[in-house]
Amino acid sequence: MNRTKIATLLTCFNRQQKTLACLEALFNQALPAKVDISAYIVDDASTDGTSDALRQTYPQVKIFSGDGNLFWNGGMRRAFSEAMKDDPDYYLWLNDDTIIYPETVSVLLQTSHNLSETGETKAIVGGSTCDPETGQTTYGGVVRNNPLHPFRYGVLEPTKEPQRCDTMHGNCVLIPRSVVQRVGNLDPAFVHYIGDWDYGLRARQKGCTVWIAPGYLGTCSLNPQVTKTAADNLSEGLDKMSKPKGLSFKDTTLQPAQEWKVFTQRHGGWLWPIYWMLPYRRLVWLSVLSKLGLTKNKTQGEEDG
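As the structure is a prediction and not an experimental result, all values here were calculated from the model. (Residues numbered from 1 in each chain as written. Predicted model: local features only at pLDDT ≥ 70, side-chain atom pairs only at ≥ 80, totals over all residues. Heavy atoms only, no water.)

Colleague: Which residues make up the confidence of the model for the chain, and what values go with them?
Modeller: For the chain, the mean per-residue pLDDT works out to 87, and 81% of the residues sit at or above 70. In this model, residues 226-234 is a region of pLDDT below 50 whose contacts with residues beyond four sequence positions or in other chains number 39 contacts. Overall, residues 246-251 carries pLDDT values under 50, and its contacts beyond four positions in sequence, including any with other chains, amount to 28 contacts. (pLDDT = per-residue confidence, 0-100. Contact = heavy atoms within 4.5 Å.)

Here you go:
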């Protein structure tokens, strides 16, 4: 009987301890018989010795170097490309700040097999994560929660059964070969954000489905807020918004305009120009308020890459 091969894809940048902890959890999985896990990691020019530490601790891991400009989507795309050369049975996306439980891979595989038996042979299966301190849901499957706005999403709370969703966060996702053969790699149109949501939406457009597995499968804290609130002027805001991580406010992030245009054009229907422009009205409004002295600028911690 053939062995089932799972290629785990990660990208990292200057988070040595988190990356090592993530891999420790990965390689301590309670796996079913005849299941092999490998890892393809892109180190996007870390300066904290991440690559050396990985080679010492996990010599079986395949490490690829970035130039420091790949960010999440670029790094995962590179790892995906390298893994596709070996044509595994499954691809496991894993964020390096996500700690999966010992049974996570088994649950993902069993969910995939169960769905296949019901006819869902091209099903992406995501895993839900919770905050390690509060236990609140952080990442997982997402569904549209506003029928009038195609880009208003909410995170699904996991239950005891698999749940169908519109797309997913990329923190912990199992993708079978059958899906990759239809959808291919992550889209290079995106640098940091939205590539995971785009992948799930494109997969559904091509006849695949997206699910989350039962229960929580790991822990992951929400990304720290990058709050620089209103820019002093519109040109400053546009400059910040052009960076890969966009311009963040207290409760939202404005994506780089070109990336957001691709996303809305692809998934927003004939009203996409309206959905493309809607988020940026806030930047203009806050810039006006700043000029009138009616806002206060605040700065919080930077988000990890």
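Colleague: Describe the pattern of salt bridges, and please don't skip the residues or the numbers.
Modeller: Between side chains of opposite charge, a pair can form as their charged atoms come close. Following the criterion strictly, the structure yields 14 salt bridges and no others. Taking the shortest distance from any N to any O, the salt bridge between Glu82 and Arg78 comes out at 3.3 Å. With a gap of four residues between them, Glu82 and Arg78 both fall in helix α3 (residues 71-84), about one helical turn apart. Note on Glu82: relative accessible area 15%, which makes it buried. A salt bridge links Asp89 to Arg177, with the shortest nitrogen-to-oxygen separation between them at 3.3 Å. Of this pair, Asp89 sits in the loop between α3 and β4 (90-94) while Arg177 sits in helix α5 (residues 177-183); the two residues are 88 residues apart in sequence, bridging distant segments of the chain. A relative accessible area of 22% places Asp89 in the partly exposed class. One connected set of salt bridges, linked through shared partners, spans Asp187, Asp198, Arg202 and Arg266. (Salt bridge = Lys/Arg side-chain N within 4 Å of Asp/Glu carboxyl O. Helix = DSSP H or I, 4+ residues; strand = E, 2+ residues; numbered from the N terminus. Buried < 20%, exposed > 50% of the residue type's maximum accessible area, 1.4 Å probe, protein only.)

Colleague: Before we move on, can you summarise the nonpolar core with the specific residues and values?
Modeller: Counting 32 residues, the largest nonpolar core has Ile6, Leu23, Leu26, Leu92 and Leu108 as the members making the most contacts within it. Counting residues per element, this core draws most heavily on helix α1 (residues 16-26), at five residues. When near neighbours in sequence (up to four residues on either side) are disregarded, Leu92 contacts Ile6, Ala7, Thr8, Leu9, Leu26, Val105, Leu108, Cys172, Val173 and Leu174. (Core = buried A, V, L, I, M, F, W, Y, C linked by side-chain atoms within 4.5 Å.)

Colleague: Can you break down the pairing of strand β2 (residues 35-43) residue by residue, with the values?
Modeller: Among the nine residues of β2, seven are classified as buried, and the element is accordingly described as predominantly covered. Note: strand β1 (residues 4-12) against β2, nine bridges, orientation parallel. Within β2, the residue paired with Ala7 across the bridge is Ser38. The β-α-β motif built from β1, the intervening α1 and the parallel element β2 has right-handed crossover chirality. One ladder, built from four bridges, connects β2 with strand β3 (residues 62-65); its direction is parallel. Bridge pairing links Ile41 to Ile63 in β3. For the handedness criterion, the β-α-β arrangement of β2, helix α2 (residues 50-57) and β3 is classed as right-handed. (Pairing = 2+ DSSP bridges. Right-handed = clockwise from strand over helix to strand, strands pointing away.)

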